[in-house]
Amino acid sequence: MDLLRNLFEGYPDLWGGGVAHSVLILALVIAFGIMLGKVKVAGISLGVTWILFVGIVFGHFNLNLDEHLLHFLKEFGLILFVYSIGLQVGPGFFSAFKKGGLTLNMLAMLAVFVSVLIAVLLHILTDIPITTMVGILSGAVTNTPGLGAAQQANSDLSGADAPEIALGYAVAYPLGVIGCILSLLALKFLFRVDAGREEKEAECGLGQQQELTVSPVSVEIRNEAIEGKKIKEAKPLLNRAFVISRIRHCGGDGEAELASADTVLHVGDEILFIADPKDVEAIIAFLGRRITVEWEKVDKKLISRRFLITKPELNGKSLAQLKIRKNFGASITRVNRSGVDLVAAPHLQLQMGDRVTVVGSELAMGHAEKVLGNSLKRLNHPNLIPIFLGIALGCILGSISFMFPGIPQPVKLGLAGGPLIVSILISRFGPRYKLITYTTMSANLMIREIGISLFLACVGLGAGKGFVDTIIHEGGYVWIAYGAIITVLPLLIAGVVGRYLWKLNYFTLIGVLSGANTNPPALAYSSELTSCDAPAVGYATVYPLTMFLRVLTAQMLILVLG
């Protein structure tokens, strides 16, 4: 019995109660939390946030860790979590600001800033401490990194942890999940959405999605102005980014061949080109008319395959430097990166993990595969240098103070903002400097889940002691109503603006609003409403910027009003 009591309550003669005690408490909190996270009520689950609530229960019954160890593990878990998020979203972070994604990101920014404004107004009107209100804000928008950023900023400002931040988060979070889903449902009735018509429009790429991926198009050349010109001579006349993959000459033997920069174009030739959807109509109008060709039947010798870039020496090299066409008679027509197809322009720089589509003969495919790598085994080997180097740089950046007019205290990005910014930059620009930043999705997910589990467990254990007393005797139940206002009102305002001002497709809109609240359960609900991927595309487009803004605004509220 003494053994069990010491394991759960700690060994009195050992620092922090002993290693076995600390590991046991953490392991039980995380394990029970994850098990409860798998339980769904009406198809809705709180997921890993249950770890926070289990930690609160353990903390309430004084099954806790040493406060210094608790603080270290909480910050370390937060760093792992935000850094893995940055590695995932970094490659697509800047491309999300192209024409198609700009509107969606502006709408998400509107939702973010309205929720911050409401939180500030509630703080002024109710005299609730800003630390508590930022916790309620983070819970209402289901943003755990914002919670971590607020706690870290308050620690830098006052030199002590503020458990009320975690208390506000824990109280507001459940209704943050449910309120978001109810808001999306209310918008559906408000707009009188015809689900069938909206889904058909979304599948056709209407709305804002047409800017976000590329598509192949077959055309018959009718423009006599390019008769007899080489492709490299004709492309500058149009000033659009596109790649001509295959060509079938008029009056030839009827078979298709690979197109190169020196291929001569004639009126009546049939070509297959790849371009961004926003450029397709202009290219068709310039070349001739759209046609339908079953290239698989026409191409008796040409085949198309996708290969993985797995050779480290190719990281950061441009497509032109590979000389695939010149050396092997094959052509790279598109590059898939982070789920998005890109036009295979000569200047496009490759990254480890890219999937390239290659067209050519069977022999050319063999040669191209040797050059590109195409070895899943290589990709499965983790690249730990950019992870730990990036974390070190993120800690340095997060510790640098910046002075802003009107703010009495110097501002730091902290251990949430610093690693997040560095991971986004290093995953986006690292390949230019031959730094391999690729991590497999499973490895990234493992780091992220370990980080968020450690963070939530430590936050719950730290907040557990005063949780019940705060709810019952200090009016904590009113925080639920404040959280509901912060959850619902910004979504309704942004929904109306997106629908009536920017004419967004409903399924794209609810994906954007789910991303604006960084709310995976709301995304799961949105995806169940339709067979198209419009909600997921909208969510992924705004998620990187929204995550960054949620972390930044949580810190700024503490530093400015704390």
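Heads up: the structure comes first, above all this text.
Residues numbered from 1 in each chain as written. Predicted model: local features only at pLDDT ≥ 70, side-chain atom pairs only at ≥ 80, totals over all residues. Heavy atoms only, no water.

With that out of the way, let us pick up helix H6 (residues 130-140). The element H6 is largely enclosed, with a buried count of 11 among its 11 residues. Looking one or two residues past H6, Thr142 carries a phi angle of roughly 50 degrees, positive in sign. (Buried < 20%, exposed > 50% of the residue type's maximum accessible area, 1.4 Å probe, protein only. Helix = DSSP H or I, 4+ residues; strand = E, 2+ residues; numbered from the N terminus.)

Here the focus is the sheet that holds strand E4 (residues 270-275). Ordered by their spatial adjacency, five strands build an open sheet running E3-E2-E4-E1-E5, and the pairing between neighbours is antiparallel. Here the strands that pair on one side only, and so sit at the sheet edges, are strand E3 (257-258) and strand E5 (288-290). Inspection of the sheet shows strand E1 (residues 215-221) paired to E4 by six bridges, in the antiparallel sense. By the bridge assignment, Ser218 is partnered in E4 with Leu272. (Pairing = 2+ DSSP bridges.)

Right, let's get into the packing of helix H8 (residues 163-190) against helix H22 (residues 506-516). Contact geometry for H8 and H22: axes closest at 11 Å, N-to-C directions at 155 degrees. Relative to H22, H8 is oriented roughly antiparallel. Classified by chirality, the crossing of H22 by H8 is right-handed. Contacts between H8 and H22 pair Leu184, Leu187 and Lys188 from the former with Tyr506, Ile510, Leu513 and Ser514 from the latter. (Axes fitted to C-alpha atoms, helices over the stretch in contact; angles between N-to-C directions. Parallel < 35°, antiparallel > 145°, perpendicular 65-115°, else oblique. Left-handed = near helix turned anticlockwise from the far one by under 90°. Contact = heavy atoms within 4.5 Å.)

Inspection of the secondary structure puts Thr518 in the loop between H22 and helix H23 (520-528). In this structure the side chain of Thr518 is engaged in a polar contact, spanning 3.1 Å, whose partner is the side chain of Asn143. (Polar contact = N/O pair within 3.5 Å; in protein donor to acceptor, adjacent residues only side chain to side chain.)

A few words on the nonpolar core. In this structure, Val29, Leu65, Met133 and Ile486 are the most contacted members of the largest nonpolar core, which totals 71 residues. Not counting residues up to four positions away in its chain, the partners in contact with Leu65 are Ser22, Ile25, Leu26, Leu70, Leu73 and Leu461. Listed in part, the 24 residues of the second largest apolar core include Leu104, Leu184, Leu509 and Val542. (Core = buried A, V, L, I, M, F, W, Y, C linked by side-chain atoms within 4.5 Å.)

Let us look at the environment of Ala554. Tracing the backbone through its elements, the reader meets Ala554 in helix H24 (residues 534-561). For Ala554, a relative accessible area of 2% translates into the label buried. Each C-alpha atom of the pair Ala554 and Gln151 lies 9.1 Å from the other, and the pair is 403 residues apart in sequence.

In this structure the tally under the stated criterion is five salt bridges. Close ionic contact of Glu220 with Arg289 constitutes a salt bridge, the shortest N to O distance being 2.8 Å. Residue Glu220 is found in strand E1, and its partner Arg289 is found in strand E5; the two are separated by 69 residues along the sequence. When its relative accessible area of 39% is taken as the criterion, Arg289 is described as partly exposed. Among the ionic pairs, Asp262 bridges to Lys232, the shortest N-O distance being 2.9 Å. Highlighted residues: Asp262 in the loop between E3 and E4 and Lys232 in helix H10 (residues 231-238), separated in sequence by 30 residues. The exposure class of Asp262 is partly exposed, given its relative accessible area of 44%. (Salt bridge = Lys/Arg side-chain N within 4 Å of Asp/Glu carboxyl O.)

Bringing helix H3 (residues 50-60) into the picture now. Taken across its 11 residues, H3 has eight buried, putting it largely inside the fold. Among all positions in H3, only Ile51, Leu52, Phe53, Val54, Gly55, Ile56, Phe58 and Gly59 are buried. Once H3 finishes, Asn62 follows within two positions and takes phi at roughly 65 degrees, a positive value.

The subject of this paragraph is the packing of aromatic side chains. All chains considered together, the criterion is met by five aromatic pairs. Aromatic side chains Phe191 and Tyr500 sit 5.4 Å apart centroid to centroid with 90 degrees between the ring planes, which places their arrangement in the edge-to-face category. Within this pair, whereas Phe191 is found in the loop between H8 and helix H9 (195-203), its partner Tyr500 is found in helix H21 (residues 478-500), the two being separated by 309 residues in sequence. Above the ring of Phe242, the side-chain terminus of Lys235 is found at 5.3 Å from the ring centroid. (Phe/Tyr/Trp six-rings, centres within 6.5 Å; stacked < 30°, edge-to-face > 60°. Lys NZ or Arg CZ within 6 Å of the ring centre and 35° of its normal.)

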